[in-house]
Amino acid sequence: MTFRRLALATVAAAAFAAPALAADTVKLGYQLPLTGDTAQYGQDFRKAAEIALDEFNAAGKPFKVEIVFEDSRSDAKEGTNIARKFVDDKAIVGVLGDFTSGVSMASAQVYKEAGLAQLSQTASHPDYTKISKYQFRNIATQAQEGPYNAQWMASKGYKNVAVIAEQTDWGQSVVSGYSEAVKAGGGTVAFSEFFNRGLKDYRSLISKIERAKPDAIYTGFFYEDGAQFLKQLQQLGVKTPVYSTSAAYSPKLIELAGDAAEGVRLTSNFLPTDPAPNVQHFVTEWKKRSADAVPGQFPAQAYDAVRIMLAAVEKAQPNPTREKVRDALAQTTDFPGVTGKTTFNAEREPVKELVKVEVKGGAFVPVAE
Amino acid sequence: MIDPYYLQQLAIGLSLGMTYALMAIGFTLIFGVLNVVNFAHGEIYTLGAFAGLVVISATAPPVVAVIFAVLAAGALAGFSLERLAFKPFRRFTDEASLKSRAMRESTLLSSLAVSIVAREALELLFGSQMRSAPAEYLINTPVRVGPVILVTGDFIIFGVAAVMLVGLQYLLTRTRAGLAIRAVSNNPLGAKYVGIDTDRTIILTFVVGSMMGAAAGILMGLYYGAVFPAMGFVPGIKAFVAMVMGGLSSIPGAVICALILGVSESMATTFVSSGWSDMVAYGFLILTLVFFPNGLFGARRERV
């Protein structure tokens, strides 16, 4: 009880002290899964955010930034609870996260009401930024990626395609974004189905896909499911080419699937092999903190998202308010990140440049077409 | 001539069913036969897989050594589980406590608690990402049998499950230890009165069942090439359904039902979206509970 009273007093004191505090420390919230089935992603985001934050605070700015990390377990209920907590903390001027589209969209309702800017590094469901003027993202949507991939596959002569995706908000946007583009381009979708995330045995599904005899398979999955799918595809001797979204772009895909990943084609907006100095700087910092592992696309997006937010906070100085931070975010133009230049358009969508990548000789190799 | 597609789906279903059966055997021994409510078996399975992986990555020993290490880890895990989550509820030896259903069923929560702690601990220790064993240990080399394709692991799992099933049936019906297990399950108080060391019998059953759970874990880890802290959850549910369908106390019943489950799931994938194939398992559970409260392979004990 005394502890609670103390906490209350602290909160009250913090609220009163906010204007004075704002001069030296600005608080941001970051909701992300740190435990549970998707913890590996959230842990990576936190690592990327810490790299960005340490750099920012070491740069000798007139103020420091603090990020409060809260564990959402990729659970929509937890996500909205955290959102309420962040909204109640008057010192927090901007929020990052969540990981999945589903949780981000659930939390977005709270941020919309409170007028607190939310920038997700990964929520790629088309409806997310439509919720209110406070929602931003730093990832290509499936409305952008689907047509891009459809065109890529059509240029290879694959007219009759199969599409599968995980049964989530995001997975549905993968299927719809892609299928519509295929049909618009005169192709046919021979097979379209959803599977449960975390399914271990894809062999029944693969047999069923093969019965439809597609020219190529387009897939909406993350690297865990992707690795299982590709391995079992190889087991069953299926040679149909596989295309995927940037969500599967992780070195872990190749690590888990081994040579079954050979020939998989996907899009990305981050290449750790890019010689650009900022990319190499991030890759070096990441390796230092991760036992020499190479970052995938998601940590890179998180790193950029945090830096975009930090830039907005800086722009909103002095005395940043939630509204000022939102406006500064909305004005982000040509932000030079490791995932390319980011500009938010009027719908708060980033326009991302996508790169075509193929797995060759156990590595992601950029390809011209 | 049957469409090779259906033959392939049947083969996949049988192999899927065998993987459920592998898990269901140890689970049924503890939960069904010994009649102890235990929801931590899935974590024993996960622990077995992780123990195997740690041994493999540390010393790259021959497969036999991996199996022994995993069995040892399983035995230890089973012993500790019993000590932590079950023994404290047997500290009262008066007749009322021994007969009390509440006393016995409170292990539902204590075993669940242990399972949550174990899973989160594994997550903290290893992270929740998927890991794979080195390729030379994996048991998923494709094997063509006529029109269908299986993998080496399917035969290994079939062999192991058959040995476990026959071994347990022998233990339960032909040995004194098995007789003691059945006696304790049937009437703990009575067993005590006739001089059976109930504590030892219960610990023995946990150790044997958990060794099987751990072995199933590492086998499945090498079969799918994926080891992660939450891996025990889904197989645990499938094993539970198979056990209930099989009539709780019948291990052969659980194995047959696991096979039925696997085949129905893979066949159902043909007609409904793969996202719905889990519905088959739950549908069967509900149908069994409604129409065959004693399970398909009629146990005499009424308690589901």
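All residue numbers here refer to positions counted from 1 along the written sequence of the relevant chain. Each chain gets a letter, beginning with A, and each ligand a number, beginning with 1, in the order they are written. In keeping with the predicted nature of the model, local features appear solely for residues at pLDDT of at least 70, side-chain atom pairs appear and are counted solely at 80 or more, and the whole-chain, interface and lining totals rest on all residues.

Counted only if it meets this: UniProt positions are given in the numbering used here, feature names are shortened, and annotations may be inferred rather than shown by experiment.
As recorded in an unreviewed UniProt entry, chain B goes by Branched-chain amino acid ABC transporter permease and comes from Azospirillum doebereinerae. UniProt, in its Sequence similarities (unreviewed entry) section for chain B, records the words "Belongs to the binding-protein-dependent transport system permease family. LivHM subfamily."

An unreviewed UniProt entry annotates chain A as Amino acid ABC transporter substrate-binding protein originating from Azospirillum doebereinerae.

### Considerations on the interface of chain B and chain A
So the rule is basically this: Throughout, a residue-residue contact means that the two C-beta atoms, derived from backbone geometry, are no farther apart than 7 Å. Put simply, DSSP H or I for four residues or longer makes a helix, DSSP E for two residues or longer makes a strand, and each gets a number counted from the N terminus. All amino acids are sorted into three groups, where Ala, Val, Leu, Ile, Met, Phe, Trp, Tyr, Cys and Pro are nonpolar, Asp, Glu, Lys and Arg are charged, and the leftover types, Gly among them, are polar.
Across the boundary between the two partners, chain B contributes 28 residues, which contact 28 residues of chain A. For the side of chain B that touches chain A, the elements supplying multiple residues, two or more each, are helix H1 (4–33), helix H6 (107–126), strand E2 (148–151) and helix H12 (251–271) of chain B. Per element, the largest residue contribution to the side of chain B that touches chain A is five residues, and it comes from H1 of chain B. A class-by-class count of the residues in the side of chain B that touches chain A yields eleven nonpolar, 14 polar and three charged.

### A look at the pairing of strand E6 (residues 160–166) of chain A
Residues and elements named next belong to chain A. How we decide: Around each residue's C-beta, the other C-beta atoms within 10 Å are counted; 20 or more make the residue buried, 12 or fewer make it exposed, and counts in between make it partly exposed. All C-beta atoms are placed from the backbone. Strand pairing requires that DSSP identify at least two bridges connecting the strands. A crossover gets the label right-handed when its path from the first strand over the helix to the second runs clockwise, viewed with the strands pointing away from the viewer.
Most of E6 sits inside the fold, with six of its seven residues counted as buried. Direction of pairing for E6 relative to strand E7 (residues 188–195): parallel, over a ladder of seven bridges. Within the sheet, the bridge partner assigned to Glu166 lies in E7 and is Phe195. This β-α-β element, E6 to helix H6 (residues 169–184) to E7, shows right-handed connectivity. Two elements, E6 and strand E8 (residues 216–220), share five bridges in a ladder whose sense is parallel. Bridged to Ala162 within E8 is Ile217.

### Considering helix H3 (residues 63–86) of chain B
Stated precisely, the cut-off is as follows: In this scheme, a helix's expected span is set at 1.5 Å multiplied by one less than its residue total.
Here H3 of chain B contains 24 residues, and its C-alpha end-to-end distance of 33 Å stays within 8% of the 34 Å for a straight helix at 1.5 Å per residue. When H3 of chain B is considered as a whole, its buried residues turn out to be Val66, Ala69, Val70, Ala73, Gly74, Ala77, Gly78, Leu81, Glu82, Ala85 and Phe86 of chain B.

### Examining the sheet that holds E7 of chain A
Residue and element names in this part refer to chain A. The criterion, for reference: The axes used here are C-alpha line fits, helices contributing only the stretch in contact, and every angle between their N-to-C directions lies in the interval 0 to 180 degrees.
Across the sheet, which stays open at both edges, the seven strands sit in the order E7-E6-E8-E9-E10-E13-E14 with mixed pairing between neighbours. Whereas interior strands pair on both sides, the edge strands pair on one side only; in this sheet they are E7 and strand E14 (363–366). Along the sheet, successive strands turn relative to each other by an average axial angle of 25°, direction set aside. Both strand E13 (residues 355–360) and E14 contribute to a ladder of four bridges, which runs antiparallel. In the strand pairing of E14, Glu358 is matched with Val365.

### What about the environment of Glu369 of chain A?
All names here are of chain A. Take Glu369: it is sitting in the segment after E14. Note on Glu369: 7 C-beta atoms within 10 Å, which makes it exposed. In this structure Glu369 touches Ser155 and Lys356, once residues within four positions along its chain are discounted.

### Structural notes on the packing of helix H7 (residues 152–174) of chain B against helix H8 (residues 176–186) of chain B
To describe two helices that pack against each other, one gives the angle between their axes and the distance between the axes. Residues and elements named next belong to chain B. Keep this limit in mind: Throughout this description, any angle smaller than 35 degrees is read as roughly parallel, any larger than 145 degrees as roughly antiparallel, any in the 65 to 115 degree range as roughly perpendicular, and the remainder as oblique.
Orientation of H7 relative to H8, taken along the N-to-C sense of each, is 75°, at an axis distance of 5 Å. If you check the angle between H7 and H8, you find them roughly perpendicular. Contacts from Leu171, Leu172, Thr173 and Arg174 of H7 reach H8 at Ala177, Gly178, Ile181 and Arg182. Taken together, the residues that form the contact of H7 with H8 break down as four nonpolar, two polar and two charged.

### A look at the nonpolar core
Under the convention used in this document: Under the definition applied here, buried Ala, Val, Leu, Ile, Met, Phe, Trp, Tyr and Cys residues are grouped into a nonpolar core through C-beta atoms within 7 Å.
Within the largest apolar cluster, 138 residues are counted, with the highest numbers of intra-cluster contacts made by Ala21, Ala24, Ile25, Ala214, Ala242, Met243 and Ala258 of chain B. Among the nonpolar cores identified, the runner-up in size contains 58 residues, and Leu28, Val95, Ala106 and Ala312 of chain A belong to it.

### Quick word on the packing of helix H11 (residues 297–315) of chain A against helix H12 (residues 322–330) of chain A
Residues and elements named next belong to chain A. Short version of the rule: Note: crossing handedness is left-handed where the near helix turns anticlockwise from the far helix by less than a right angle, and right-handed where it turns clockwise.
Two numbers describe how H11 lies on H12: the axes approach to 8 Å, and their chain directions differ by 120°. By the criterion of interaxial angle, the relationship of H11 to H12 is oblique. At the point where H11 passes H12, the crossing takes the right-handed sense. Together, Ala312, Val313 and Lys315 of H11 and Val325, Ala328 and Leu329 of H12 make up the contact between the two elements.

### Concerning the sheet that holds strand E4 (residues 118–120) of chain A
All names here are of chain A. Across the sheet, which stays open at both edges, the five strands sit in the order E2-E1-E3-E4-E5 with parallel pairing between neighbours. A strand with exactly one partner marks an edge of an open sheet, and here the two such strands are strand E2 (64–71) and strand E5 (135–137). Neighbour-to-neighbour, the strand axes of this sheet turn through a mean angle of 25°, independent of strand direction. Pairing of strand E1 (residues 25–32) with strand E3 (residues 92–96), which is carried by four bridges, proceeds in the parallel orientation. Residue Tyr30 lies in a different strand from E3, and its bridge partner there is Leu96.

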